[in-house]
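# Chain and residue survey
What follows is the residue order along each chain.
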Amino acid sequence: MSTENAKKNASYAAVDQNLDPSHQVVGIGSGTTIVYVVERLAQLDTERRLVCVPTSFQARELILSHRLHLGRVDEYVDIDIAFDGADEIDSDLNLIKGGGACMFLEKLVASCARKFIVVADHRKSSVALSRGVPLEVVSVAHKRVFLELERLGGRPRLRDAGDRKAGPVVTDHGNLVVDCEFGEIRPERVAELDVKIKALVGVVETGFFPGMAHKAYIGLEDGTVRVQKRRAAL
Ligand SMILES: O=C[C@H](O)[C@H](O)[C@H](O)COP(=O)(O)O
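Residues numbered from 1 in each chain as written. Predicted model: local features only at pLDDT ≥ 70, side-chain atom pairs only at ≥ 80, totals over all residues.

Worth spelling out the cut-off: UniProt positions are given in the numbering used here, feature names are shortened, and annotations may be inferred rather than shown by experiment.
The name given to the chain in an unreviewed UniProt entry is Ribose-5-phosphate isomerase, and the organism recorded there is Ogataea parapolymorpha. Among the UniProt annotations of the chain, the heading Pathway (unreviewed entry) holds the following wording: "Carbohydrate degradation; pentose phosphate pathway; D-ribose 5-phosphate from D-ribulose 5-phosphate (non-oxidative stage): step 1/1." Per UniProt, the chain has the following entry under Sequence similarities (unreviewed entry): "Belongs to the ribose 5-phosphate isomerase family."

So, in structure tokens, the structure goes:
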């Protein structure tokens, strides 16, 4: 079973089991897995009744290419359900997001949604978060933010655009992305660390999504899908 099939199985199951006939406004995340969510929504929403709210330039293009209705998060602050991918999911359903530098709008849309559903393949699942957390940082503040992150025990690094551009990655909002490693973060520590980082002047948003997801649909190598629920929701 390929990783693409695992992403597709998770996405189709997530839509089929959570989209309700009463839903009118749907948040659309970013990345490679969400592509299958939009594909499934387009198959089911034959009358084009749904309004889809994107979390990035990529998501906007995806919605338009499937001829779904496009909305903006400043028009639709009440979102019935949002779907999104993740870079890492811990045992308490805390997430790290922002591999594609879209975490600010993704977090805004998720926070507007009554139900937030995550779709991912098996590589994203872990007991504790351990990959670097992406942070959106205002350019002029990044050196100061680096110092403060080191004081918090982090190892920050500016995300470079590689051979696509000379210099750093710039977000859809014109800010920089700092990836900061903290080693393994126990699930009960994620929210507290998120608050400390968010409090630094110049940090627009973090890629931690603590306690926000209601369920995660994880596509496994054998073709099945594991559904992980938030402990309080079990
Ligand atoms: O900024 C990007 C997002 O947080 C993505 O949702 C995340 O990186 C997961 O992407 P993918 O589905 O490609 O693994």
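### Topic: the pairing of strand β1 (residues 25-28)
Note the cut-off: Every C-beta atom is placed from the backbone, and the number of other C-beta atoms within 10 Å of a residue's own sets its class: buried at 20 or more, exposed at 12 or fewer, partly exposed in between. The helix count covers DSSP runs of H or I at least four residues long, the strand count covers runs of E at least two residues long, and both are numbered beginning at the N terminus. Note: two strands are recorded as paired if DSSP finds a minimum of 2 bridges between them. By the criterion used throughout, a crossover qualifies as right-handed when its path from the first strand across the helix to the second strand runs clockwise, the strands pointing away from the viewer.
In β1, alternate side chains face the same way, and those of V25 and G27 on one face and V26 and I28 on the other are all buried. Strand direction decides the pairing type here: β1 and strand β2 (residues 51-54), joined by 4 bridges, are parallel. Residue V25 lies in a different strand from β2, and its bridge partner there is V51. Assessed by its sense of winding, the connection that carries the chain from β1 through helix α2 (residues 34-44) to β2 is right-handed. In this structure, β1 lies alongside strand β4 (residues 79-84), joined through 3 bridges in parallel fashion.

### Focus on the site of the ligand
Our working rule: By definition, a residue lies near a molecule or strand provided its backbone-derived C-beta atom is within 6 Å of it. Classes in brief: Ala, Val, Leu, Ile, Met, Phe, Trp, Tyr, Cys and Pro nonpolar; Asp, Glu, Lys and Arg charged; the others, Gly included, polar.
Taken together, 17 residues surround the ligand, and among them G31, T33, G85, G99 and G100 come closest. In the shell around the ligand, the residues fall into 4 nonpolar, 9 polar and 4 charged.

### Focus: the domain arrangement of the chain
Accessible area lost on assembly of the parts is the figure often given for the size of an interface. Counted only if it meets this: Each domain's limits were defined by an automated method or a database of domain assignments. By the convention adopted here, residues make contact when the C-beta atoms placed from their backbones lie within 7 Å.
Partitioning the chain into structural domains gives domain 1 (3-126 + 210-222) and domain 2 (133-207). With centres defined by C-alpha atoms, the gap from domain 1 to domain 2 works out at 23 Å. The interface is formed by 16 residues belonging to domain 1 together with 15 residues belonging to domain 2. Across the side of domain 1 that touches domain 2, the residue classes break down as 7 nonpolar, 5 polar and 4 charged.

### Regarding unusual backbone geometry
The phi dihedral of R67 is positive, around 55°, even though this residue is not glycine. Within the element layout of this structure, R67 appears in the loop between α3 (57-65) and β3 (69-70). Note on R67: 10 C-beta atoms within 10 Å, which makes it exposed. Its identity is not glycine, yet A101 carries a phi of approximately 65°, on the positive side. As for its placement among the helices and strands, A101 is situated in the loop between β6 (95-96) and α4 (103-112).

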